[in-house]
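Fold and contact review
The lines below spell out each chain.
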Amino acid sequence: SEISNIESATNDKPKKNASDLRLSDVSVEISEIVPHRTLAPVWLTDRDAEVSARLHPAENCPALGVYVFVLTLMNNSSSQIDEIDFKAAVPKGVKSRLVKSVSRLTVPSPFSPPPTGNQILLLQCSDGEQSSLNFSFVLSYSINEEPSTIIGKDIMLQLK
């Protein structure tokens, strides 16, 4: 019938699965992110490091197999932090994208909390059913024009 021909014509388009989605097409605003109810934040560095890093899992799931984290960087030094560069290292089959990167953390003020910067980290797993992954990173920065690097390896991240 004519109706079934129209239905089959509109349903012929292949449906996108997690591996067809481009991570660069995923958009999430920090104001829209909801902290995860059951997954706790994960310290990526020592809490007292000159620059400490913590990953906060989010409830948001903008697409099948895409997980949202907020990366918080804190300046625990007595100087300004410049040239901040965070790179995620993820297993094969996983893609990562850092949104709205932070390049500088101001000088801390006495009697105030340490300066912080938030970045959005998107992780895309080709297997949308994955519940955890092994995460590594490289965090580079400069203090008083002295370069420093922190490398974190084999951190187990819970995704759901």
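Before reading further, recall that the structure is shown in the block above.
None of these values were measured; they are calculated from a predicted model. (Residues numbered from 1 in each chain as written. Predicted model: local features only at pLDDT ≥ 70, side-chain atom pairs only at ≥ 80, totals over all residues. Heavy atoms only, no water.)

Bringing the side chain of Q119 into the picture now. For Q119, the location among the structural elements is in strand β6 (residues 116–125). You can call Q119 buried: its relative accessible area is 2%. Looking at Q119, its side chain comes within polar contact range of the main-chain nitrogen of V102, at 3.5 Å. Each residue touching Q119, except ones within four places of it in the same chain, is listed here: F69, V70, L71, L73, L98, V99, K100, S101 and V102. (Helix = DSSP H or I, 4+ residues; strand = E, 2+ residues; numbered from the N terminus. Buried < 20%, exposed > 50% of the residue type's maximum accessible area, 1.4 Å probe, protein only. Polar contact = N/O pair within 3.5 Å; in protein donor to acceptor, adjacent residues only side chain to side chain. Contact = heavy atoms within 4.5 Å.)

All right, on to the nonpolar core then. L44, F135 and L139 are the most contacted members of the largest nonpolar core, which totals 27 residues. Where this core is concerned, the elements lending two or more residues are β2 (51–57), β3 (66–75), β4 (81–89), β6, β7 (132–143) and β8 (146–158). Of all the elements, β7 adds the most residues to this core, at 6 residues. The residues touching F135, leaving out its near neighbours within four places in the chain, are L44, L55, F86, A88, A89, V90, L121, K153, D154, I155 and L157. Listed in part, the 13 residues of the second largest apolar core include V26, V68, V99 and L122. (Core = buried A, V, L, I, M, F, W, Y, C linked by side-chain atoms within 4.5 Å.)

Two aromatic rings are characterised by how far apart their centres lie and by the angle between their planes. Per the stated rule, a full pass over the model turns up 1 aromatic pair. Aromatic side chains F86 and F137 sit 5.4 Å apart centroid to centroid with 15° between the ring planes, which places their arrangement in the stacked category. Placement of F86 in strand β4 and of F137 in strand β7 is noted, with a sequence separation of 51 residues between them. Exposure class is identical for F86 and F137. Each is buried. (Phe/Tyr/Trp six-rings, centres within 6.5 Å; stacked < 30°, edge-to-face > 60°.)

This part covers the environment of L64. Structurally, the position occupied by L64 is in the loop between β2 and β3. When its relative accessible area of 55% is taken as the criterion, L64 is described as exposed. Separated by 63 residues in sequence, L64 and D127 have C-alpha atoms that sit 9.1 Å apart.

A sheet is described by the order of its strands in space; here 5 strands give the open sequence β1-β2-β3-β6-β5, paired in antiparallel fashion. Only two strands of the sheet have a single partner each, and these edge strands are β1 (42–43) and β5 (94–99). In terms of strand pairing, β2 meets β3 through 7 bridges, oriented antiparallel. If you follow L55 over to β3, its bridge partner there is L71. (Pairing = 2+ DSSP bridges.)

Let us now look at the sheet that holds β8. Here 3 strands make up an open sheet; going across it, the order is β4-β7-β8 and the pairing antiparallel. The sheet is open, and its two edges are formed by β4 and β8, each paired on a single side. In this sheet, neighbouring strand axes are inclined to one another by 15° on average, regardless of whether the strands run parallel or antiparallel. In this sheet, β8 lies alongside β7 in antiparallel orientation, the contact comprising 11 bridges. Residue pairing for β8: V138 is matched across the bridge by I151. (Axes fitted to C-alpha atoms, helices over the stretch in contact; angles between N-to-C directions.)

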